[in-house]
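The chain contents come next:
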Amino acid sequence: MTNSSTGAVTRIPDFGIDTTSPATGDALRDYLARLRRGDLGSLPALVTLAVLVGLFAALSEDFLTLNNLTNLLHQGAGQTIIAMGLVYVLLAGEIDLSAGTASGVAAAVLALHFQHDGNLLGAMGGAVFAAFTVGLAAAALLAVLLRVWVGAAASALALVLMVAGLGANPWVEMLLAVCVGAAIGCLTGFAVSKVRIPSFVVTLGLFITWSGVVLQLLGPGGTVSIRQNPVLFAVANGSLDVTGSWLLFLLAGAGYAGAVAYRHLTRLRNGLVAPPTPLVAAKAAAVLTCGGLATFLLTLNRSPHPELADIRGVPLVVPIVLVLLAAGTFVLDRTRFGRHLHAVGNNRDAAHRAGVDVARIRMTAFVICSALAAVGAIVYTSKVGSVDGSAGGGNLVLFAVGAAVIGGVSLFGGKGRLPDAVLGGAVLATVQNGLNLLGFQAAPVNIITGLVLVAAAGVDALSRRRAGLDRR
């Protein structure tokens, strides 16, 4: 700034709040102030999870056994992965009620490819096969029109794998399922972002449509078993060996600690506001300690009959979730797409005026959501060992949405992280597992799970109102 009388240049003092790292006491007081303003983050989910664990541990002596805790990981993984995909759509201020049945379509295609040794034309019949290939081609074309290249490539690859007639191979079948899921996301995303049909309406319609497609592919009473394939069956039922389990901990721990340290030191070096170093170090140490303890427990023999069998190691679903979590967190926090997605969710009109290609961002969110729904379908199919006409139906998508919201993802857009979906998935899996151990049937389990979801949505709405974000 130039002084008009003397011509000297004077420097405007920096705002300390933007360029300094607060002391530990100040940071704690600031956190408490944010809680009073309604910015609760994941705290309600963490408190709920702690209460549930304590309650079920007191009511059932089987709850904290190693075998049951491992079952928790197996049972909740598929639902949690679908919830992770829904985070992208929810961040954009949309909803995808068809993610469950879309995952069912992906699972059905995977199962038919395996059962018929890659001959999907013979498995589906000429008319259905032709309609499927036309749909994949249309999905690729629509993705090209909006320059969603990942969706176009996945749809084109799904089309190639459909018509190539490659023999049964678990890796080809899993790749085909994910690509089919991405193609479904292209169709859904185009209808929402370009045709501008409200996402609730279009995905509700597609929920019914894809459930009909699953029935068409498998038949009302049709069931296809995948237990014969050791790779497909091991996805949700297998475990790493003891050495692999500790290697996973070392790699994941080193990656997490390195990412936290790099981000913290970068902010300090650039003069940006950053949490106090002792708090950052304490948080990282707590996470690593919990991870090490969990790894140690999972490498113990958890067989119900240790004299007859030896079952050890971290379940394979854990590295799958960790890879998706790390990659997705990088995309949301460190890429232009992630920044634009948050901008669209917070204020779509402002993002458009700022030059963001809103239609492309929204369509990409649906593509990622459906692709991850297909990954969840692979895990769920592996867990139950088969695919039937009800695949992806029922309450699956509602529980997945519930997991994301319970963890702290806002239904109103612009707020949420992938770890929130993982935390919410843990809460729902704990509710379902604990109630089943206590002998409750499906009815009370659904009632209690629904009430937990309503409570989470209520906390989200009240916190937004307290923070002044809800202007309705």
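Residues numbered from 1 in each chain as written. Predicted model: local features only at pLDDT ≥ 70, side-chain atom pairs only at ≥ 80, totals over all residues. Heavy atoms only, no water.

The protein chain is annotated in an unreviewed UniProt entry as Xylose transport system permease protein XylH from Saccharopolyspora thermophila. Quoted straight from UniProt, the Function (unreviewed entry) entry for the protein chain says "Part of the binding-protein-dependent transport system for D-xylose. Probably responsible for the translocation of the substrate across the membrane." Looking at the Subcellular location (unreviewed entry) heading of the UniProt record, one finds this comment for the protein chain: "Cell membrane". (UniProt positions renumbered as here; feature names shortened; annotations may be inferred.)

Draft legend 1. Seen up close, the overall build of the protein chain. The helix and strand tally for the protein chain stands at 20 helices and two strands. Relative to its length of 472 residues, the protein chain is compact, with a C-alpha radius of gyration of 24 Å against a globular reference of 23 Å. Within the protein chain, counting contacts between residues at least 6 apart in sequence, those at least 24 apart form 77% of the total. Roughly 22,600 Å² of accessible area belongs to the protein chain as shown, and the carbon and sulfur atoms make up 67% of that amount. (Helix = DSSP H or I, 4+ residues; strand = E, 2+ residues; numbered from the N terminus. Rg over C-alpha atoms; globule rule 2.2 N^0.38 Å. Contact = heavy atoms within 4.5 Å. Areas by Shrake-Rupley, 256 points an atom, 1.4 Å probe, with all protein chains shown as cover.)

Draft legend 2. Seen up close, empty space enclosed by the protein. By the definition in use, this model includes one cavity of 30 Å³ or more. In this structure, the largest cavity spans a volume of roughly 40 Å³. Around the largest cavity, the lining residues are Leu 110, Ile 226, Leu 232, Ile 378, Thr 381 and Ser 382. At three residues, helix H17 (residues 358-384) tops the list of elements feeding residues into the lining of the largest cavity. Class assignment for the residues of the lining of the largest cavity results in four nonpolar, two polar and no charged. (1 Å grid on protein atoms, 1.4 Å probe; cavity = no way out; pocket = protein on both sides within 12 Å on 5 of 7 lines; lining within 4 Å. Points joined across faces, edges and corners; volume = space filled by probe spheres on them. Nonpolar A, V, L, I, M, F, W, Y, C, P; charged D, E, K, R; others polar.)

Draft legend 3. Looking closely at the packing of helix H4 (residues 66-91) against helix H19 (residues 418-437). Here H4 crosses H19 at 140°, and the two axes come no closer than 8 Å. When the axes of H4 and H19 are compared, the pair comes out oblique. Crossing hand, H4 versus H19: right-handed. Side by side, H4 and H19 meet where Asn 68, Leu 72, Gln 75, Gly 76, Gln 79, Thr 80, Ala 83, Met 84, Val 87 and Tyr 88 of the first sit next to Leu 418, Ala 421, Val 422, Gly 425, Leu 428, Ala 429, Thr 430, Gln 432, Asn 433 and Leu 437 of the second. Of the residues that constitute the contact of H4 with H19, the class distribution is eleven nonpolar, nine polar and no charged. (Axes fitted to C-alpha atoms, helices over the stretch in contact; angles between N-to-C directions. Parallel < 35°, antiparallel > 145°, perpendicular 65-115°, else oblique. Left-handed = near helix turned anticlockwise from the far one by under 90°.)

Draft legend 4. Broad picture of the packing of aromatic side chains. Scanning the model with the defined rule gives two aromatic pairs in all. Measuring from ring centre to ring centre gives 5.7 Å for Phe 56 and Phe 63, while their planes differ by 45°; the resulting arrangement is tilted. Each member of the pair, Phe 56 as well as Phe 63, carries the same accessibility label: buried. (Phe/Tyr/Trp six-rings, centres within 6.5 Å; stacked < 30°, edge-to-face > 60°. Buried < 20%, exposed > 50% of the residue type's maximum accessible area, 1.4 Å probe, protein only.)

Draft legend 5. View of the state of the cysteines. Following the criterion strictly, the structure yields zero disulfides and no others. As a non-bridged cysteine, Cys 179 has Cys 186 as the owner of its nearest cysteine sulfur, 10 Å distant. (Disulfide = S-S within 2.5 Å.)

Draft legend 6. Region of the structure containing the nonpolar core. Residues Val 109, Met 124, Phe 132, Met 162, Leu 217 and Leu 341 are the most contacted members of the largest nonpolar core, which totals 118 residues. Top element by residues in this core is H17. It accounts for 16 residues. When near neighbours in sequence (up to four residues on either side) are disregarded, Met 162 contacts Val 109, Leu 120, Met 124, Phe 129, Phe 132, Thr 133, Leu 136 and Leu 176. (Core = buried A, V, L, I, M, F, W, Y, C linked by side-chain atoms within 4.5 Å.)

Draft legend 7. Quick peek at H19. Counted at 1.5 Å a residue, the expected span for H19 with its 20 residues is 28 Å, and the 29 Å between its end C-alpha atoms agrees. When you tally the buried positions in H19, you get 15 out of 20 residues, the bulk of the element. Where H19 terminates, the next one or two residues include Gly 439, which has phi positive at roughly 90°. (Expected span 1.5 Å × (residues − 1).)

Draft legend 8. Spatial organisation of the packing of helix H5 (residues 99-115) against H17. Close contact between H5 and H17 brings their axes to 8 Å; oriented N to C, the two are set at 60°. For the element pair H5 / H17, the angle class is oblique. Like other packed secondary-structure pairs, H5 and H17 cross with a definite hand, here right-handed. Across the interface between the two elements, Ala 99, Ser 103, Ala 106, Ala 107 and Leu 110 of H5 pack against Cys 369, Ala 373, Ala 374, Ala 377, Ile 378 and Thr 381 of H17. Per-class residue counts for the contact of H5 with H17 are nine nonpolar, two polar and no charged.

Draft legend 9. Quick peek at the pattern of salt bridges. What the rule picks out here adds up to five salt bridges. Among the salt bridges present, the one from Glu 94 reaches Arg 362, with a minimum N-O distance of 2.7 Å. You can see Glu 94 sitting in the loop between H4 and H5 and its partner Arg 362 sitting in helix H17, a full 268 residues away along the chain. Accessibility assignment for this pair places Glu 94 and Arg 362 in one class, buried. Between Asp 310 and Arg 312 there is a salt bridge, with the nearest N and O atoms lying 2.9 Å from each other. On the basis of relative accessibility, which here comes to 35%, the residue Arg 312 falls in the partly exposed class. Linked through salt bridges whose partners overlap, the residues forming this network are Glu 94, Arg 348 and Arg 362. (Salt bridge = Lys/Arg side-chain N within 4 Å of Asp/Glu carboxyl O.)

Draft legend 10. Seen up close, the layout of surface pockets. Empty space within the second largest pocket amounts to approximately 520 Å³. Lining the second largest pocket are 18 residues; nearest its centre among them are Gln 79, Tyr 380, Phe 399, Gln 432 and Asn 446. Of all elements in the fold, only H4, helix H18 (396-407), H19 and helix H20 (442-467) reach the threshold of two or more residues within the lining of the second largest pocket. The residue makeup of the lining of the second largest pocket, split by class, is six nonpolar, twelve polar and no charged.

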